[in-house]
Structures are given as structure tokens and as C-alpha cells.
Amino acid sequence: MNFNIQPVSNNNLEKILQSKIDNKTKPIGALGALEKVASHIGMIQNTDRPSLNRPTILVFAGDHGIAQKGEVNPYPQEVTAQMVYNFLHGGAAINVFCKQHNIALHIVDAGVNHDFEGISGLIDAKIDYGTKNYQEEPAMCMEQCTLAIKKGATLVTERYTDGCNTIGFGEMGIGNTSSASLLMSYFTKIPIAECVGAGTGLDEEAIKIKQGVLSEVYQHYTPSSPLEALATFGGFEVAMITGAILKAAELKMTIIMDGFIVTASLLAAHAMHKNVLDYCIFAHTSGEQGHQKMHRFLGKKPLISLGMRLGEGTGIAIAYPIIESAVAFLNTMASFESAMVSGSK
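Given the structure is predicted, the values throughout are model-derived calculations rather than measurements. (Residues numbered from 1 in each chain as written. Predicted model: local features only at pLDDT ≥ 70, side-chain atom pairs only at ≥ 80, totals over all residues. Heavy atoms only, no water.)

Novice: An account of empty space enclosed by the protein is needed here, citing residue identities and associated values.
Specialist: A complete count under the given rule lists one cavity of 30 Å³ or more for this structure. Of the volumes computed, that of the largest cavity is approximately 30 Å³. In this structure, the largest cavity is lined by P55, T56, I57, I103, T166, I167, G168, I256, I316 and Y320. Secondary structure elements with two or more residues in the lining of the largest cavity: strand 1 (56–62), strand 4 (166–172) and helix 12 (314–332). With three residues, strand 4 is the single largest residue contributor to the lining of the largest cavity. Class assignment for the residues of the lining of the largest cavity results in seven nonpolar, three polar and no charged. (1 Å grid on protein atoms, 1.4 Å probe; cavity = no way out; pocket = protein on both sides within 12 Å on 5 of 7 lines; lining within 4 Å. Points joined across faces, edges and corners; volume = space filled by probe spheres on them. Helix = DSSP H or I, 4+ residues; strand = E, 2+ residues; numbered from the N terminus. Nonpolar A, V, L, I, M, F, W, Y, C, P; charged D, E, K, R; others polar.)

Novice: Would you mind going over the pattern of salt bridges in detail, with residue names and values included?
Specialist: Tallied over the entire structure, the rule returns five salt bridges. Of the charged contacts in the structure, one is a salt bridge between K26 and E35, with a shortest N-O distance of 2.9 Å. For E35, a relative accessible area of 8% translates into the label buried. (Salt bridge = Lys/Arg side-chain N within 4 Å of Asp/Glu carboxyl O. Buried < 20%, exposed > 50% of the residue type's maximum accessible area, 1.4 Å probe, protein only.)

Novice: Residue-level account of helix 6 (residues 176–188), with values.
Specialist: An ideal rise of 1.5 Å per residue puts 18 Å on 13 residues; helix 6 measures up with 18 Å between its terminal C-alpha atoms. In the segment just after helix 6, K189 is the residue with positive phi, at about 65 degrees. (Expected span 1.5 Å × (residues − 1).)

Novice: Can you lay out the layout of surface pockets for me, pointing to particular residues and giving the numbers?
Specialist: In this structure, the second largest pocket occupies an estimated 410 Å³ of space. Every residue along the wall of the second largest pocket is listed here: A33, K36, V37, H40, C280, I281, F282, G299, K300, K301, P302 and L303. Elements with a contribution of two residues or more to the lining of the second largest pocket: helix 2 (33–45) and strand 6 (280–282). Tallying contributions element by element places helix 2 first for the lining of the second largest pocket, with four residues. For the lining of the second largest pocket, the class distribution of residues is seven nonpolar, two polar and three charged.

Novice: Lay out the side chain of T254 with the relevant residues and their values.
Specialist: Topologically, T254 is positioned in strand 5 (residues 254–257). A residue is classified by how much of its surface remains accessible, and T254, at 0% relative accessible area, is buried.

Novice: Any details on the pairing of strand 2 (residues 104–111)? Residues and values, ideally.
Specialist: Strand direction decides the pairing type here: strand 1 and strand 2, joined by seven bridges, are parallel. Across the sheet, the residue bridging to T56 is A104, located in strand 2. Summarising the sheet, strand 2 and strand 3 (residues 122–124) pair through three bridges and their orientation is parallel. Within the sheet, the bridge partner assigned to D109 lies in strand 3 and is D124. (Pairing = 2+ DSSP bridges.)

Novice: Before we move on, can you summarise the packing of aromatic side chains with the specific residues and values?
Specialist: Scanning all chains against the criterion turns up five aromatic pairs. The interplanar angle of 50 degrees and the centroid separation of 6.3 Å between the aromatic rings of F60 and F169 together place this pair among those described as tilted. Linking F60 in strand 1 with F169 in strand 4, this pair joins segments that are 109 residues apart in sequence. Given the relative accessible area of 0%, F60 is considered buried. With centroids separated by 5.9 Å and ring planes inclined at 15 degrees, the aromatic side chains of Y218 and F233 adopt a geometry described as stacked. With a gap of 15 residues between them, Y218 in helix 7 (residues 204–220) and F233 in helix 8 (residues 226–233) connect regions that are remote in the sequence. Through successive ring pairs, a cluster of aromatic residues spans Y218, Y221 and F233. The positively charged end of K189 is found above the aromatic ring belonging to Y186, 4.4 Å away from the centroid. (Phe/Tyr/Trp six-rings, centres within 6.5 Å; stacked < 30°, edge-to-face > 60°. Lys NZ or Arg CZ within 6 Å of the ring centre and 35° of its normal.)

Novice: Tell me what's going on with the packing of helix 8 against helix 10 (residues 260–272), and back it up with residues and numbers.
Specialist: For the pair helix 8 and helix 10, the least separation of the axes is 9 Å and the interaxial angle reads 160 degrees. As judged from the angle between their axes, helix 8 and helix 10 are roughly antiparallel. Two secondary-structure elements touch here, helix 8 through P226, L227 and L230 and helix 10 through A268, A271 and M272. When grouped by side-chain class, the residues that make up the contact of helix 8 with helix 10 number six nonpolar, no polar and no charged. (Axes fitted to C-alpha atoms, helices over the stretch in contact; angles between N-to-C directions. Parallel < 35°, antiparallel > 145°, perpendicular 65-115°, else oblique. Contact = heavy atoms within 4.5 Å.)

Novice: I'd like a rundown of the sheet that holds strand 3, residues and numbers included.
Specialist: Here we have six strands laid out as an open sheet, ordered 3-2-1-4-5-6, and parallel in their pairing. With partners counted over all chains shown, the strands left at the sheet margins are strand 3 and strand 6, one partner each. Each strand of the sheet is rotated relative to its neighbour by a mean of 30 degrees, with strand direction disregarded. Pairing between strand 4 and strand 5: three bridges, direction parallel. Residue pairing in the sheet places G168 in a bridge with I256 of strand 5. Where helix 5 (residues 142–161) meets the sheet, its contacts fall on strand 1, strand 2, strand 3 and strand 4, and the angle it forms with strand 1 comes to roughly 160 degrees.

Here is the structure:
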């Protein structure tokens, strides 16, 4: 559970990268946010010639005890397992976008309330058949939460060993926006009502019911640590992503952040180790109202905002070509000197 995450800091390299960017055949600052992304990735990789090797998205699936009652979710819990099958058969949005942009995709059973019976292509990291209902008891015990974090870390290590240096995380789990809302409120201290959104499609009346249910849950517990909060309110997929983020930062990988639920995992990881933010690029702002507030809390500005709120890692896959473009211009665009173009006076 002890992650050795070093801050990204090298003043000399930062100056080298900025000089390289400024001397490309363009006005200074003309590529806007692409310039910041290029410099950031160079700093993460400690080089002025960064590369995006074997980009990968891990999608973690898990079920939530609260979803069995149906008070906070319009879709039944069975949809989690059904969507896992859809991922494995290549039919989901994340499959389409990963294939389009040559991103490796792996699906992980973190804790789905279903027996997949060793189906091909699914990574079995199941902790249990869904969490407990936190209306009645903590979602998981501390041992389960710790195990989930460790399993997430192990899966990232395996990808890193295979040559991956750029990674992102998606999720699937009916009820997990409720978990993310509770975690968001705990870590940001924003009132729970301001953290709750439509999830997979609740109308205004249903959102009010969801706010009331989660407010009661939040008031029932007083977690004394980030780990205890994660165990109390989290899902197995949420905890596993937290461990995956922490390990990826320890391994100095470029981490591309997705939507509301994945950012809730980051809030937990950030509370455990502040330096984790140094390794994160924020892909997009989702249509879930709490996501923008998370970004403001973390002091980060995402690359795009398309009103997406699908999860699965889709925001990562859509933003990835922008990140590719940032690395490409840094490495291959001509300088004023090499192109024999006069620079600014």
C-alpha cells in the first residue's frame, strides 16, 4: 500500500522543452494547449523526445449493493454484466473508439454480481459479487478495499511490463455515480446535493430522490481516512482504479483521466498521495454536473468538453488523438533553424 510517487520536477528539462516548443516554425504559443500537453508529457517521461508507447485503456466493472433497490438508478443491476459481454463482443462505444485510434483495450471483472465462467478475454480480478448496500453497512471491509487497490496496481504493472507507458481507465457499474458522488463530497467537502447528477438518465424528480437517499447515507458515516472513505462509499471498480492510478504514477506513466467516476477514484488517490496529479492529463469534462466541480477542486482544465457522460473510458479515447498531436509536433515539426525560416525579432 506504500506507493513511491516522485514529483515531476526538472527545471533544466522544463526550460529545454519550452525552448524547443518556442523555436518551432510558429508564433510563440500558437498551438495553445497542445504546447502545454507536449511539455507535460516530456516532463513525465524526463525527455525532450517523448513517445506514447502501447496506449492502453483498462475498463473495470463492478456492481453496487445500493443498485439492487433501484432508488438511485434507472437501469437494473443486470446491465453491468450485460455490458461486460458487450465489451467482450466488441459492440460498445469504447470498442469502436479504441479500434479507431489503435488503443489496446482490456476488460476487468472487479466485482460484478455475475459468474462469467472463465469467458475468454475477460480479466478475472473479482473481489466479490458486488459491494454491500451502504444504506445498511459499509460497501466493503477494509481488507477488500486494500485487496482491490493492490489488484489494480498489479494490472497496471503487467501493462507496464508489456511496454505500455500511456494508460487510462474506464468503468462500468450500475449505481457507481452514487458512489462517486459520495466520495466527491467526502474529499472536496462540497455538499452532497451539489455532487449528485443524472447518472445514466434520471429525470429531475428522480435526481431529488437520489440526493435525499445519498444525503442520508453520507450523514450516517464518519470515515477517518481516505482508505476508510473508499471502503465505505466506493465500489470494487472504483477502488481498483484508485490503485491503478497510484501505481501508474509510481511507474512514471502518462495517465489520461476519464469522467466522473474515474475522477472520484483520482480524488481518493490524490488524498493518499498528492504527487499523483503530476502524471495526469485530463481528457474531458463530462455532462455529469459534479465533474466540473472536481476539476475546479483539483485545479485542472480538461482538453475537451463534448457533454459526454457515458463512462467506459470513452472520453480518453476521443481525446487521445489530441495528445498524439501534441507529441507529434514536439518531435517532428521543424524549427526555425532547420527550416531556414526567420524567427520573430
